[in-house]
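Residues per chain are reported as follows:
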Amino acid sequence: MVHVIVHPGFHKTGTSSLQSWLGQNRRALKPYLSFYGKADFLTAGSAARIYGQKPYPWRLRAFRRSLDRFLGKVPDAPVIVLSRETFSGSMPGHRRFPGKLITGYRGVAVPLGQQIIAALQARFGADVQITFLYTLRDRESWIRSVYGHLLRSIHLRDDYDTFRTRFPKLIDPRAEAEAIAKALGVTAHFVDLADVGHLPEGPAAAVLDLLGVPQAVRNALPPASRANTGQTQALEAEFLRMNRGSRDKAALKSAKDAMLKAAKDAGAAS
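Predicted model only: the values in this text are computed from it and were never measured.

What counts and how
- Residues numbered from 1 in each chain as written.
- Predicted model: local features only at pLDDT ≥ 70, side-chain atom pairs only at ≥ 80, totals over all residues.
- Heavy atoms only, no water.
- Helix = DSSP H or I, 4+ residues; strand = E, 2+ residues; numbered from the N terminus.
- Expected span 1.5 Å × (residues − 1).
- Buried < 20%, exposed > 50% of the residue type's maximum accessible area, 1.4 Å probe, protein only.
- Axes fitted to C-alpha atoms, helices over the stretch in contact; angles between N-to-C directions.
- Parallel < 35°, antiparallel > 145°, perpendicular 65-115°, else oblique.
- Left-handed = near helix turned anticlockwise from the far one by under 90°.
- Contact = heavy atoms within 4.5 Å.
- Nonpolar A, V, L, I, M, F, W, Y, C, P; charged D, E, K, R; others polar.
- Pairing = 2+ DSSP bridges.
- Patch = residues over 30% accessible without salt bridge, like charges linked within 9 Å, V, L, I, M, F, W, Y side chains within 5 Å.
- Areas by Shrake-Rupley, 256 points an atom, 1.4 Å probe, with all protein chains shown as cover.
- Salt bridge = Lys/Arg side-chain N within 4 Å of Asp/Glu carboxyl O.
- Lys, Arg positive; Asp, Glu negative; His and termini not counted.
- Charge placed at Lys NZ, Arg CZ, Asp CG, Glu CD.
- Polar contact = N/O pair within 3.5 Å; in protein donor to acceptor, adjacent residues only side chain to side chain.
- Core = buried A, V, L, I, M, F, W, Y, C linked by side-chain atoms within 4.5 Å.
- Phe/Tyr/Trp six-rings, centres within 6.5 Å; stacked < 30°, edge-to-face > 60°.
- Lys NZ or Arg CZ within 6 Å of the ring centre and 35° of its normal.

Engineer: What is the right way to look at helix α5 (residues 106–124) in this model?
Structural biologist: Residues separated by three or four positions in an α-helix point in the same direction, a consequence of the helix having 3.6 residues per turn. Helix length check: α5 (19 residues) gives 26 Å between terminal C-alpha atoms against 27 Å at 1.5 Å per residue, within 8%. Of all the residues in α5, the buried ones are Val108, Ala109, Val110, Pro111, Leu112, Gly113, Ile116, Ile117, Ala119, Leu120 and Phe124. Once α5 finishes, Gly125 follows within two positions and takes phi at roughly 105°, a positive value.

Right, here's the structure in full:
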């Protein structure tokens, strides 16, 4: 029987680091799992994100078609791990068409999850074992990380205090994940980033722990590096100033990317 672990995020809970480390160590981990991340199913991942922003039935069907095509190319394996944060929809803080602020996952994550489960059963059989694994963090540090990400990735012009007031009933990520899993009726595991982020494998330790990958195997693998990290407060302040002063989104993105690269290079050299 095939066991599929679905890791649907959430955003800003170490997902990029998890995907990067598991992707880099595919060969060494092959006896224990077959890993597929963002780069392996870009079309399905994008379709899920678009449905999160435009939750129309035809968008959900487009996601299912993309996922079916991807799964049709996946070889059988005892354990398969699928990791993509857009499987829960779009990151809160973005806007849902025609302009409503996205403040949680549940409304789109449940129908997306239902389609994921149905697609896995169609591909691997009704007896496929499915486990949903959620990486999480406490609500205040999570929303602070979301803010920093949006500040550098979109034309956000709110300071943090203003942004935070837009979430008067901020979701608790764990409660949100538990409610989604309950609605889906799946076996689910919930792992706090604070409990695994410091380990040599980083957030990917959540997957290895779940599968019982031997410690000797883990010790032989290179330590994880942090991916998609936040920026300094000074850089955030500069991004906010730039967002408020520029209307050319393409030029703005290019300038921010250059500044992030310079900061990363300076950090590596120090």
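From this point, the narrative continues.
Engineer: Just checking my understanding: could you explain the packing of helix α3 (residues 42–53) against α5 for this structure?
Structural biologist: Look at α3 against α5: their axes get within 9 Å of each other, and the N-to-C directions meet at 140°. Taken together, the axes of α3 and α5 are oblique relative to one another. Where α3 crosses over α5, the two elements pack in a sense that is right-handed. For the pair formed by α3 and α5, the contact residues are Ala48, Tyr51 and Gly52 on the first element and Val108, Pro111 and Leu112 on the second. For the contact of α3 with α5, the per-class residue count stands at five nonpolar, one polar and no charged.

Engineer: Sorry if this is basic, but what is going on with the sheet that holds strand β1 (residues 3–7) here?
Structural biologist: Working definition: the strands of a sheet are paired by backbone hydrogen bonds and lie parallel or antiparallel to each other. Overall, parallel pairing links the five strands, which are arranged β2-β3-β1-β6-β7 in an open sheet. This sheet does not close on itself; its edge strands, each paired only once, are β2 (34–36) and β7 (187–192). Neighbouring strand axes in the sheet, compared pairwise and without regard to direction, differ in orientation by 20° on average. For β2 and strand β3 (residues 79–83), the ladder comprises three bridges, and the chain directions are parallel. Bridge assignment links Phe35 to a residue of β3, and that residue is Val81. Where α5 meets the sheet, it contacts β1, β3 and β6 (129–136), and its direction lies at approximately 145° from that of β6. Running at roughly 165° to β6, helix α8 (residues 173–184) makes contact with β6 and β7 of the sheet.

Engineer: Please clarify how unusual backbone geometry should be interpreted in this entry.
Structural biologist: Keep in mind that most residues, glycine aside, have a negative phi and that most peptide bonds are trans. Looking along the chain, the bond that leaves Gly9 and enters Phe10 is cis, with omega of 20°. With respect to the helices and strands, Phe10 occurs in the loop between β1 and α1 (15–24). In this structure, Pro98 follows Phe97 across a cis peptide bond, with omega equal to 10°. With respect to the helices, strands and loops of the structure, Pro98 is situated in the loop between β4 (95–96) and β5 (100–101). Non-glycine residue Lys12 carries a positive phi angle of around 60°. A relative accessible area of 11% places Lys12 in the buried class.

Engineer: Teacher, can you tell me more about a positive patch on the surface here?
Structural biologist: Taken together, the side chains of Arg61, Arg65, Arg69 and Lys73 define a basic patch exposed on the protein surface. For Arg69, the location among the structural elements is in helix α4 (residues 57–72).

Engineer: Would you mind going over the environment of Thr86 with me for this structure?
Structural biologist: Residue position: Thr86 is located in the loop between β3 and β4. Note: C-alpha distance between Thr86 and His11 (75 residues apart in sequence) is 7.9 Å. Apart from residues no more than four positions distant in its own chain, Thr86 is found in contact with His11, Gly45, Ala48, Arg49 and Leu112. For Thr86, the side chain forms a polar contact with the main-chain oxygen of Gly45, separated by 2.9 Å.

Engineer: Can you help me understand the nonpolar core in this one?
Structural biologist: If you look at soluble globular proteins, the nonpolar side chains tend to sit buried side by side. Membership of the largest hydrophobic core comes to 59 residues, with the highest contact counts inside it found for Phe63 and Leu82. When residues in this core are grouped by element, the largest group, nine residues, is from α5. Among residues more than four places away in sequence, those in contact with Leu82 are Val4, Ile5, Val6, His7, Tyr36, Phe41, Phe70, Leu71, Phe87 and Leu120. Formed by 19 residues, the second largest nonpolar core is a distinct cluster that contains Phe35, Val79, Ala205 and Leu208.

Engineer: Got a minute to help me understand the packing of aromatic side chains in this structure?
Structural biologist: Any aromatic ring pair is given by two values, namely how distant the centres are and how the planes are angled relative to each other. Per the counting criterion, the structure on display carries 14 aromatic pairs. Here Phe10 and Tyr105 contribute two aromatic rings whose centre-to-centre distance is 4.2 Å and whose plane-to-plane angle is 10°, an arrangement assigned as stacked. Here Phe10, found in the loop between β1 and α1, pairs with Tyr105, found in the loop between β5 and α5; they are 95 residues apart in sequence, far enough to count as distant. As far as burial versus exposure is concerned, Phe10 and Tyr105 are alike and both buried. Ring-pair connections join several aromatic residues into one group, and the members of that group are Phe10, Tyr105, Phe132, Tyr134, Trp142 and Phe190. In this arrangement the basic side chain of Lys54 is found over the ring face of Phe97, its NZ or CZ atom lying 6.0 Å from the centre. Directly above the aromatic system of Tyr160 lies the positively charged group of Arg144, at a separation of 4.6 Å from the ring centroid.

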